[in-house]
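Coordinate analysis (summary)
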Amino acid sequence: MKKLLFLFSFFSTFSYSQNYETFDKSNYFSIVSHKSSTLKRHSEKNEVHKKLSSNGYDVPNFSVNGYYLMQKAGMSFLADTLGNVLDIPTTIDKGDNNWELFYPSKKGTFYVPKGWSDGSESSVCKNFDLYDTKGKIIKSFRDSDVYFKFGVGRSFMQIFTNYGDFITVTKDNKKVGLLDESGNIYIEPLYDKIQHNGKYLFLIKNGETSSENEVTIFDMTKMKKNITTFENVKILEFENNFVSNKVILKSNSKYGLYNLDTQKWIIQNTYDDLSFFTSNRSFNSGTKDAKFQEVIYTDIFLVQLENNKGVVDTSNKIVVPIEFKNIYFRGYSSLEVYNHEGTINIFGLPENKFLYNKFYSKKYDKPNTDIVGLKIGNYWELFNSKTNEVYFTF
């Protein structure tokens, strides 16, 4: 069940204008836009965190809409960021109801399942209540025709946006829709998948073949649906979302990068596949807040034509020719490129070129020097990486 992601954005720029956004992987929910202050990180060393932990609560290092969702003795609890544990009925009952809590919305409401029934491939909850943070039940659902579901083909997710907070529900037709923070149907359960990016929702109906899929783009600011000819939307392989309006779409069996606001292709849909690059970066090095964070690069993209891969930027310039087997982001500013023979080269993004004249199978760097050794075929070549002067081959 702990597959869904949340994401908050943090924009920065390399000296060569390589933009990225940060994201985290977490549990059953999808958070967008750091500007909305939906998610806030907290040090495990702060007094509130230490106080709650000392009382036996398992406290995450982040809050959502001003609340921690904690665990203790198999039960779920909510506490505000001042350390006050909410006195709500669901935290008292220790019977067999298997009650769980979800994160509160920005309106201060949250759904509470009243027991899950297990099936062969998934579990469902058709009885649940909507509470406020004072413990008052706002709305009850009993034997509801819309329900929470997780398991094989799970569709359960909380989605937090600047335009409302939602939770996915399923209907007996196995289709997915959204409930809002007031307990009302926001999107009817008519879809096979719902994804989110900025102010847009993507409502996806599967056809008998992928080319017959139907993607409806829903603008939350206008409450308007636009049924398109797109066959697929590819937010991330993590089924996540982020706040930029660049989204990978498939049309006429080809992928491209699309601007949702202008409704124009940024990278034309001419590729068999197109993907975001991700990598780990360190932040706040040398400080108590030092950490590694996964980032999504938003200026360059991995593209594929048949069995060949390359790199294209948002100006449609081919950065790395589309003729290689695999390409990975390496460090902060370079790409590791593998050819079909299995040998490697490094493409420097600031330099906009391959760093070595030849592809190699192994590499040796002499510490504190510009001397590099590359194994090319059955031989090693020792040379100066700045001047490319070859010292000797052996």
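Above this note sits the structure.
The following paragraphs examine the structure supplied in this document. (Residues numbered from 1 in each chain as written. Predicted model: local features only at pLDDT ≥ 70, side-chain atom pairs only at ≥ 80, totals over all residues. Heavy atoms only, no water.)

Considering all chains together, one arrives at 23 aromatic pairs under this definition. Seen from their ring centres, F128 and F141 are 4.5 Å apart, and the 15 degrees between their planes marks the pair as stacked. Here F128, found in strand β12 (residues 128-132), pairs with F141, found in strand β13 (residues 137-141); they are 13 residues apart in sequence, far enough to count as distant. Their ring planes at 80 degrees and their centres at 5.8 Å tell us that Y356 and Y360 sit as a pair that is edge-to-face. You can call Y356 buried: its relative accessible area is 9%. Aromatic rings pair up to connect F102, Y111, F128, F141 and F148 into one cluster. Over the ring of Y57 we find K72, and its NZ or CZ is 4.7 Å from the ring centre. (Phe/Tyr/Trp six-rings, centres within 6.5 Å; stacked < 30°, edge-to-face > 60°. Helix = DSSP H or I, 4+ residues; strand = E, 2+ residues; numbered from the N terminus. Buried < 20%, exposed > 50% of the residue type's maximum accessible area, 1.4 Å probe, protein only. Lys NZ or Arg CZ within 6 Å of the ring centre and 35° of its normal.)

Its location among the elements puts L349 in the loop between β33 (344-348) and β34 (353-354). A C-alpha to C-alpha distance of 10.0 Å links L349 and I300, two positions 49 residues apart in sequence.

So, about helix α1 (residues 47-54). Turning to α1, its buried residues number three or more, namely V48, H49 and L52. Projected down its long axis, α1 carries its buried residues within an arc of 100 degrees, all on one side. Along α1, the residues that are exposed and aim more than 90 degrees away from the buried face are E47 and S54. Buried residues belonging to α1 abut β7 (67-72) and β8 (75-80). (Arc of directions from axis to C-beta. Contact = heavy atoms within 4.5 Å.)

Attention shifts here to the sheet that holds strand β36 (residues 371-376). In space, the four strands of this open sheet follow the order β35-β36-β37-β38, with antiparallel pairing throughout. Among the strands making up the open sheet, the edge pair consists of β35 (362-365) and β38 (390-393). Along the sheet, successive strands turn relative to each other by an average axial angle of 20 degrees, direction set aside. By the bridge criterion, three bridges tie strand β37 (residues 379-384) to β38 in an arrangement that is antiparallel. The residue bridging F383 from the neighbouring strand is V390, located in β38. (Pairing = 2+ DSSP bridges. Axes fitted to C-alpha atoms, helices over the stretch in contact; angles between N-to-C directions.)

That is the geometry; function is a separate question.
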